[in-house]
Amino acid sequence: MPTRPRPLLAVRLIGPTTTVTAHAATIAAQLAAHYGRERVTCRTSTRPAGYSGESRTYITITRKESR
């Protein structure tokens, strides 16, 4: 099984769902632009947090793999 490349950057946001969602979209777009959209892949993953009305969002930036 191939190994996953190590992320260039990983960010975790935890807080009220509406706030986390808005900030995650902005941060992901800025990071993709900074590292170069054609050279990196930006992934986001959202999960419930420990408290009602809160969520956790993970943003990872990895180099694109050559095909």
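Structure shown above.
Computed from a predicted model, the values in this text were never measured in an experiment. (Residues numbered from 1 in each chain as written. Predicted model: local features only at pLDDT ≥ 70, side-chain atom pairs only at ≥ 80, totals over all residues. Heavy atoms only, no water.)

Engineer: So what exactly am I meant to see when it comes to the overall build of the chain here?
Structural biologist: Looking only at helices and strands, one finds one helix and three strands in the chain. Element order for the chain, N to C, with α for helix and β for strand: β-α-β-β. Seen along its three principal axes, the alpha-carbon backbone of the chain occupies a region of about 40 × 30 × 15 Å. Of all 67 residues assigned to the chain, the portion counted as buried reaches 22%. (Helix = DSSP H or I, 4+ residues; strand = E, 2+ residues; numbered from the N terminus. Buried < 20%, exposed > 50% of the residue type's maximum accessible area, 1.4 Å probe, protein only.)

Engineer: Would you take a moment to explain the side chain of Thr-57 for this structure?
Structural biologist: Following the sequence through the fold, Thr-57 ends up in strand β3 (residues 54-63). Within the structure, Thr-57 has its side chain in polar contact with the side chain of Thr-46 (distance 3.2 Å). Sequence-distant contacts of Thr-57, that is, excluding residues within four places in its chain, are made with Val-11, Arg-12, Leu-13, Val-20, Ala-24, Ser-45 and Thr-46. (Polar contact = N/O pair within 3.5 Å; in protein donor to acceptor, adjacent residues only side chain to side chain. Contact = heavy atoms within 4.5 Å.)

Engineer: Help me out: how do you make sense of the sheet that holds strand β2 (residues 40-48) in this one?
Structural biologist: Hydrogen bonds between backbone groups are what pair the strands of a sheet, and the pairing can be parallel or antiparallel. Strand order in the open sheet made by the three strands is β1-β3-β2, with antiparallel pairing throughout. Sheet topology places β1 (9-16) and β2 at the edges, where each strand pairs with a single neighbour. Across the sheet, the axes of successive neighbouring strands diverge by a mean angle of 15°, strand direction being ignored. As paired elements, β1 and β3 share eight bridges and run antiparallel to each other. Within β3, the position partnered with Val-11 by the bridge is Ile-59. (Pairing = 2+ DSSP bridges. Axes fitted to C-alpha atoms, helices over the stretch in contact; angles between N-to-C directions.)

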